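# Survey of secondary and tertiary structure
Spelled out from the first residue to the last, the chains are:
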Amino acid sequence: MALLNFRKREDAQPSNAALEAFLQGYSIEVMPRTASKIDDFRDHLPKGTRVYIAHIDGTQIEDMVTTAARLNREGFDVMPHFPARIIRDAATLENWIAMYQGEADVTQGLLLAGGVAEPQGDFHCSMQLLETGLFDKAGFTRLHVAGHPEGNRDIDADGSDTAVMEAARWKQSFSERTDAKMAMATQFAFEARPIIDWVDRLQAEGIHLPVHIGIAGPAKLQTLIKFAIACGVGPSLKVLQKRAMDVSKLLLPYEPTEVLTELAAHKAANPGFGIEQVHFFPLGGIKTNAAWASDHGGSAARPASET
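Bear in mind the structure is a predicted one, so any value in this text is a computation, not a measurement.

Rules used throughout
Residues numbered from 1 in each chain as written. Predicted model: local features only at pLDDT ≥ 70, side-chain atom pairs only at ≥ 80, totals over all residues. Heavy atoms only, no water. Helix = DSSP H or I, 4+ residues; strand = E, 2+ residues; numbered from the N terminus. Buried < 20%, exposed > 50% of the residue type's maximum accessible area, 1.4 Å probe, protein only. Contact = heavy atoms within 4.5 Å. Salt bridge = Lys/Arg side-chain N within 4 Å of Asp/Glu carboxyl O. Axes fitted to C-alpha atoms, helices over the stretch in contact; angles between N-to-C directions. Parallel < 35°, antiparallel > 145°, perpendicular 65-115°, else oblique. Left-handed = near helix turned anticlockwise from the far one by under 90°. Nonpolar A, V, L, I, M, F, W, Y, C, P; charged D, E, K, R; others polar. Pairing = 2+ DSSP bridges. Right-handed = clockwise from strand over helix to strand, strands pointing away. Expected span 1.5 Å × (residues − 1).

A word on the side chain of Lys171. The residue Lys171 is located in helix H7 (residues 162-175) in this model. Taking relative accessible area as the criterion, Lys171 reaches 8% and is therefore assigned buried. Discounting residues that sit within four places of it in the chain, Lys171 has contacts with Ser126, Met127, Val145, Ala146, Met182 and Leu209.

See the structure below:
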């Protein structure tokens, strides 16, 4: 049985107004198999939290839709992934959209290439999914796309960010000709300065999609390093490697307090800064991440630009 729609823990951390404001309306990512371990998300997340459902290659669409329907019943905004490279064709995409809408009342999605090297069908990138017009036809009100603060070697094998930035410009242009609200949800990073520089560069190049910055939640250091390498996290990986060399910190769990506090302070000093929200990857567990967010003032209230 759920608790009374979530409450902050009594041992919450001292207040940091900038960080609390920055964590308003945070979102979090789950998979069907991790969601199945949570008896009731209302025990852990503020009502109305946006919950992304990651669609990993091999996961059945029926399991995705069942998870989406469950989260919808529990009072959460559901945003499933639509990974281009595992969607066979437009008919498959149209069927997925119909299933999500018919069984889980889904009207928002994260469109991305997906984590497989070779396309399994007609699509290889999120732009092709957008170009089908099927999300507009289905009345989706919010479409998120992927962002890469530290580049992506799957897209730019030479280590540059030429193709990544070209795609970002295309997505900006698309956002200007659609009624759906769009934002850029990013891969996680561990250092504030590269994130700040990347967001500023987007703005300078005329890319004004709001950024929902990806942040790894609390986890064991070894777990984070494993995921960081697997996901191609770049320069900020050195933050974890430096921590691993400090014996006094090696066995302590990593928490995102430092990176988020620095980003929050920058946002407070620069209100026009392009980060709109925080998106958590709960690599150390959903409960652990949700408790950390609660302790640091996270709530379901969203910035004015999101409402």
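Counting buried residues in helix H13 (residues 286-295) gives eight out of ten residues, a clear majority hidden from the surface. Among the residues of H13, those classed as buried are Ile286, Asn289, Ala290, Ala291, Trp292, Ala293, Ser294 and Asp295. Looking at the buried side of H13, the elements it contacts are strand S1 (27-30), helix H2 (32-35), helix H12 (257-269) and strand S8 (275-281).

Following the criterion strictly, the structure yields six salt bridges and no others. With a shortest N-O distance of 2.8 Å, Asp40 and Arg42 are connected by a salt bridge. Overall, Asp40 belongs to the buried group, its relative accessible area being 8%. A salt bridge links Arg193 to Asp197; the nearest nitrogen and oxygen atoms lie 3.0 Å apart. Here the residue Arg193 and the residue Asp197 both occupy positions in helix H8 (residues 192-204), the gap between them amounting to four residues, near one helical turn. Residue classification places Arg193 among the partly exposed residues on the basis of a relative accessible area of 41%. Looking at Asp197, the relative accessible area reads 41%, which means it is partly exposed. Within the structure, one salt-bridge network assembled from shared partners comprises Arg169, Arg201 and Glu205.

Viewed as axis vectors pointing N to C, helix H3 (residues 61-73) and helix H4 (residues 90-104) meet at an angle of 30°, and their least axial separation amounts to 9 Å. By the criterion of interaxial angle, the relationship of H3 to H4 is roughly parallel. As for how H3 packs across H4, the hand of that crossing is right-handed. Between H3 and H4, the residues in contact are Ile61, Glu62, Met64, Val65, Ala68, Ala69 and Asn72 and Trp96, Met99, Tyr100, Glu103 and Ala104, respectively. Tallied by class, residues from the contact of H3 with H4 come to nine nonpolar, one polar and two charged.

Extensive coverage of strand S5 (residues 142-147) is indicated by the burial of six of its six residues. Taken together, the six bridges between S5 and strand S6 (residues 181-188) define a ladder with parallel strand orientation. If you follow Arg142 over to S6, its bridge partner there is Lys181.

With that out of the way, let us pick up the pairing of strand S2 (residues 50-53). The alternating pattern of S2 places Arg50 and Tyr52 on one face and Val51 and Ile53 on the opposite face, and all of these are buried. Relative to S2, S1 runs parallel, the two being bridged by four bridges. Bridge pairing in S2 links Val30 to Ile53. Of the strand pairs in this sheet, S2 and strand S3 (residues 77-83) are connected by four bridges, and their pairing is parallel. In the strand pairing of S3, Arg50 is matched with Asp77. You can see the chain leave S2, run along H3 and come back into S3, and the turn it takes is right-handed.

This paragraph deals with the sheet that holds S6. Neighbouring strands of a sheet are bound in pairs by backbone hydrogen bonds; such pairs are parallel or else antiparallel. Read once around its circumference, the closed barrel built from eight strands follows the order S1-S2-S3-S4-S5-S6-S7-S8, with strand pairing classed as parallel. Put simply, the sheet's adjacent strands are angled 30° from each other on average, direction ignored. Strand direction decides the pairing type here: strand S7 (residues 211-216) and S8, joined by six bridges, are parallel. Of the residues in S8, the one forming a bridge with Val211 is Ile275. Strands in contact with H3 are S1, S2 and S3; relative to S2, the strand with the most contacts, it is inclined by about 170°. Along the sheet face, H8 touches S5, S6, S7 and S8 and points at about 165° away from the line of S7.

Under the 1.5 Å per step criterion, the end-to-end length of H7 is 20 Å for 14 residues, consistent within 8% with the ideal 20 Å. Buried residues of H7: Val164, Met165, Ala167, Ala168, Lys171, Gln172, Phe174 and Ser175, and no others. The inward-facing, buried residues of H7 contact helix H5 (126-131), S5, S6 and H8.

On to the side chain of Ser175. Tracing the chain through its elements places Ser175 in helix H7. Since its relative accessible area comes to 17%, Ser175 is described here as buried. Ignoring any residue separated from it by four or fewer positions in sequence, one finds Ser175 in contact with Met182 and Leu209.

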